[in-house]
Structure formats: structure tokens, C-alpha cells
Amino acid sequence: MSVEALRSEDLRKIYTQRGAPPVTALAGVSLNVHRGERVALLGRNGAGKTTFLKIASTLLRPTSGTIEVFGHDVGRAPEKARPYIAVVPQEGKPFFHLTPREQVYTYLRARGLGREVARSRTEESLERMGLTEFADRLAITLSGGQRQRTMVATVIATEAPLLFLDEPSIGMDPFARRDVWESLRNLTRRGSTILLTTHYLDEAEALSDRLYIIERGEVLVTGTSEDLKRSVGGTLKVSLAGGARVVESFRSFGSCVADGEHLTVIVAPERLGELMELAVRSHLTATVGPVTLEEAFLRVVGRSINED
Ligand SMILES: Nc1ncnc2c1ncn2[C@@H]1O[C@H](COP(=O)(O)OP(=O)(O)O)[C@@H](O)[C@H]1O
Ligand SMILES: [Mg+2]
């Protein structure tokens, strides 16, 4: 049986600082990423995503619990785990006095790749990330989005077995984001495994095979984005202009949200026909669309916040 690309078991991290109360960033996270999967970690600011990725990438020690990369215990044998991984850290910056071409190439050489392979991978990844035009400019002269593309280009060029990307597409334009998606899909086609965080839920939906929502240092839910949408009552969203006054008659179809006179019902596809009949009988105009992952996320995390 082949081992998981990543497996954590009851991982905890408590930050302690003199003169400040301890902060529990991870309160027992158990998760796994299968080989070849693209998994997204979602969660509000401060949920613990970056802490998890720092521990997984050997940059920080956990307070307790274990985490393994391809079967190697990251805490006990970080030097064994490191060759398997490459990281785009949150708020990482390229070396200001190197050009993107120099940075990517130098990094690959430092990881032990030969000249020829490093050269061809550098060109390929600069091209994939739309950096050809800027490849010979010092990073200090690049825009924020171009710098971020340089960081992603550096890491995808490694073709490492396991890539960690902490908000990789932050500050990128919609075209550049799609370049990232395509590059990451291409990497998993070649056998890599990817764990990323993002606040762009369209990105999580477009990119991830599976996702975990982290809330206050714990796994709140896991599944596919379709699972998550079903868990809030359906995969379709029906907007009913003027429907708020008859909200009671729609409650049995799924989760209802009244906003002024407007009513939104989240419904399973099997019950759409029945709902539409009721809308017609009630003289309401209905617009049907897909539930977005963002709506499901807001509901699932919102419910958890309200429970406290
Ligand atoms: N070095 C640190 N010292 C103390 N607290 C920290 C430190 N780094 C992060 N934290 C706290 O740990 C929690 C989780 O942070 P983080 O992992 O960065 O969350 P996320 O990436 O999900 O936004 C937050 O409450 C944050 O303030
Ligand atoms: Mg973070």
C-alpha cells in the first residue's frame, strides 16, 4: 500500500510569548492528502491555515501531534521530508536584486537540478506564468502581481512531489489566476500533489478535488465542493422577487434567506419542479442559478459561529 502524500494526526500548535496569553492556533487537526490530489484549506483569517502549512513544510514545530510527508515524520526527521516539498509562503517575496529568470534558475540549481534541466524548467515556468516579458527585470521593479507570479513560477518549476501554496494567487489579475490554475493542474497531471489555501472560493472550486474548512484551529468539514453545497440543502439557488412575504410556504424546500422583499431558497435539483410550480401558483418570478461555494462557505462557517 502506498503512503499518503500528507497525513496529520491530532496536530496542535500553541504559540506562547512572554507577557502575552498563549494562542491556540491548531487545536487537533487530523487530515490527509492523497497522492496526486489538489486539496484546498479554507477558513477565515486566523483560522490556523498558515500555521498548518508552516508545520507541514518544516518551518515550525508543532506543540503536539504528528505530521508525515510521504511517510516521513516532519517533526522528527525534517531533513528526510524536505526534498519532497516546495513552498510558496504567505506574503513571500522574490529576491529584489535578482530577475525572475535568475531566481527560478538559481533556486532549481540550489535544489540540486542539473544545468540543462534547470534551464528548460525555468523557461517553461516563466512562460506558463506569463513572465517572459519581465524575466530579465530586477524583481524590485516589478508590480505586486508580477512578484507573486515570480514566487509561483519558482515553486512550480521544482515539480516537487508535494507543493504547499499559501494564498498563491493573492493580488493577481483574473488572467494570471487562471495561469496559476492551469499550471497547478498540469503539475498534478505529472504526478505532484498540492495543498493550497485561498480566500477566492471560485478558485477553490475550480481547482480542488477536495477541501477542508478550518475554523478556530479545527477541521469543521471536509469533502468536495459539491458535498459542501449539498450540506447546506442543495446545489441550486432560486431567487424569488417579492417572495419574502410567503417565506413560510417555501421552508420545506431548503434553506431560505429573506433580504428585503426578496427570497432566496437553496434547493436540491430533484425538488426544483415542485418549487417552480409553487412559485407560479404564488405569482412569483423565479430565477434559478447554481449555489456558489462562497454561499455554502458563508452558511457552514456562519452556522458554526452562531452556535457559540
Ligand atoms: N508567531 C505567532 N505568535 C503568536 N500568535 C500567532 C503567531 N502566528 C500566528 N498566530 C495566531 O495564530 C492564529 C492562526 O494564525 P494563522 O495560522 O496565520 O491563520 P490563517 O493563516 O488561517 O489566517 C491566529 O490567531 C494568529 O493571530
Ligand atoms: Mg494565513
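In this text the structure is predicted, and so the values were computed from the model without any measurement.

### Some points on the pairing of strand β4 (residues 64-69)
Looking along a regular strand, one sees side chains alternate from face to face of the sheet.
Then, number 1: Here strand β1 (residues 6-17) pairs with β4 via five bridges, running antiparallel. Looking at the pairing, Arg7 lines up with Glu68 of β4.
Then, number 2: Bridging between β4 and strand β5 (residues 72-73) involves two bridges; their strand directions are antiparallel. Counted as the bridge partner of Glu68 is Asp73 from β5.
Then, number 3: As consecutive antiparallel partners, β4 and β5 are separated by two residues, and within that stretch Phe70 has a phi angle of approximately 45°, a positive value.

### Observations regarding the site of ligand 1
Then, number 1: For ligand 1, the full set of nearby residues is Tyr15, Gln17, Val23, Ala25, Gly43, Asn45, Gly46, Ala47, Gly48, Lys49, Thr50 and Thr51.
Then, number 2: Only β1, β2 (20-33) and α1 (49-56) provide two or more residues apiece to the shell around ligand 1.
Then, number 3: With three residues, the top contributor of residues to the shell around ligand 1 is α1.
Then, number 4: When the residues that make up the shell around ligand 1 are grouped by side-chain class, the tally is four nonpolar, seven polar and one charged.

### Description of the domain arrangement of the chain
Interface size is often expressed as the accessible area that is lost when the parts come together.
Then, number 1: Assigned domains within the chain: domain 1 (6-228) and domain 2 (233-290).
Then, number 2: For domain 1 and domain 2, the distance between their C-alpha centroids amounts to 40 Å.

### Here we look at the pairing of strand β3 (residues 38-42)
Then, number 1: Within β3, five of the five residues are buried, leaving the element largely enclosed by the surrounding structure.
Then, number 2: Burial along β3 is two-sided: Arg38, Ala40 and Leu42 facing one way and Val39 and Leu41 facing the other are all buried.
Then, number 3: Here four bridges tie β3 to strand β8 (residues 193-197), and the two strands are oriented parallel to one another. Bridge pairing links Ala40 to Leu196 in β8.
Then, number 4: The sheet contact formed by β3 and strand β9 (residues 210-215) spans four bridges and is parallel. Among the inter-strand pairings, Leu41 is bridged to a residue of β9, identified as Tyr212.

### A closer look at unusual backbone geometry
Then, number 1: Of note, Glu91 is a non-glycine position whose phi angle comes to about 60°, a positive value.
Then, number 2: Accessibility expressed as a C-beta count within 10 Å gives 10 for Glu91, which makes it exposed.
Then, number 3: Even without being glycine, Arg216 reaches a positive phi, approximately 45°.
Then, number 4: In this structure, Arg216 sits in the loop between β9 and β10 (218-223).
Then, number 5: Given 17 C-beta atoms within a 10 Å radius, Arg216 is considered partly exposed.

### Quick look at helix α5 (residues 144-156)
Residues spaced three or four apart along an α-helix point in a common direction, a consequence of the helix completing one turn every 3.6 residues.
Then, number 1: The terminal C-alpha atoms of α5, which comprises 13 residues, lie 19 Å apart, in line with the 18 Å expected from a rise of 1.5 Å per residue.
Then, number 2: Of all 13 residues in α5, 10 are buried, a share of seventy percent or more.
Then, number 3: Residues of α5 that are buried sit in contact with β6 (85-88), α3 (100-110), α4 (115-128), β7 (162-166) and α6 (174-189).

### Overview of the nonpolar core
Then, number 1: Counting residues in each nonpolar core, the largest one holds 75 residues, and the members touching the most others are Val155, Leu163 and Val265.
Then, number 2: Taken domain by domain, the makeup of this core includes at least three residues from each of domain 1 (6-228) and domain 2 (233-290).
Then, number 3: Sequence-distant contacts of Val265, defined by excluding residues within four places in its chain, comprise Val238, Leu240, Phe250, Phe253, Gly254, Cys256 and Leu275.

### Some details on the packing of α3 against α4
Then, number 1: The contact between α3 and α4 brings their axes to 9 Å, and the two run at 135°. Considering the angle they form, α3 stands oblique to α4. In terms of crossing hand, the pair formed by α3 and α4 is right-handed. Contacts between α3 and α4 involve Pro100, Arg101, Val104, Tyr105, Leu108 and Arg109 from the first element and Ala118, Arg119, Arg121, Thr122, Ser125 and Leu126 from the second.
Then, number 2: Split by residue class, the contact of α3 with α4 holds six nonpolar, two polar and four charged.

### So, α4
Then, number 1: When the terminal C-alpha atoms of α4 are compared, their 20 Å separation across 14 residues agrees well with the 20 Å that a helix rising 1.5 Å per residue should span.
Then, number 2: All buried positions along α4 are accounted for by Ala118, Thr122, Ser125 and Leu126. Buried residues in α4, looked at end-on, bunch into an arc of 100°, giving them a common side.
Then, number 3: Tucked into the core, α4 has its buried residues touching α3 and α5.
Then, number 4: Once α4 ends, the next one or two residues include Gly130, with phi positive near 65°.

### Regarding the sheet that holds strand β12 (residues 256-259)
Then, number 1: Strand order in this open sheet of four strands is β12-β13-β11-β14, and the pairing throughout is antiparallel. Because the sheet does not close on itself, it has two edges, and the strands there are β12 and β14 (285-290). The sheet shows a mean angle of 20° between the axes of neighbouring strands, direction not considered.
Then, number 2: Bridge count for strand β11 (residues 236-241) against strand β13 (residues 262-267) is five bridges, and the pairing is antiparallel. Following the sheet pairing, Val238 is matched in β13 by Val265.

What counts, and where the lines are drawn
Residues numbered from 1 in each chain as written. Chains lettered and ligands numbered in written order. Predicted model: local features only at pLDDT ≥ 70, side-chain atom pairs only at ≥ 80, totals over all residues. Pairing = 2+ DSSP bridges. Helix = DSSP H or I, 4+ residues; strand = E, 2+ residues; numbered from the N terminus. Near = placed C-beta within 6 Å. Nonpolar A, V, L, I, M, F, W, Y, C, P; charged D, E, K, R; others polar. Domains from an automatic or database assignment. Buried ≥ 20, exposed ≤ 12 C-beta atoms within 10 Å, placed from the backbone. Expected span 1.5 Å × (residues − 1). Contact = placed C-beta atoms within 7 Å. Core = buried A, V, L, I, M, F, W, Y, C linked by C-beta atoms within 7 Å. Axes fitted to C-alpha atoms, helices over the stretch in contact; angles between N-to-C directions. Parallel < 35°, antiparallel > 145°, perpendicular 65-115°, else oblique. Left-handed = near helix turned anticlockwise from the far one by under 90°. Arc of directions from axis to C-beta.

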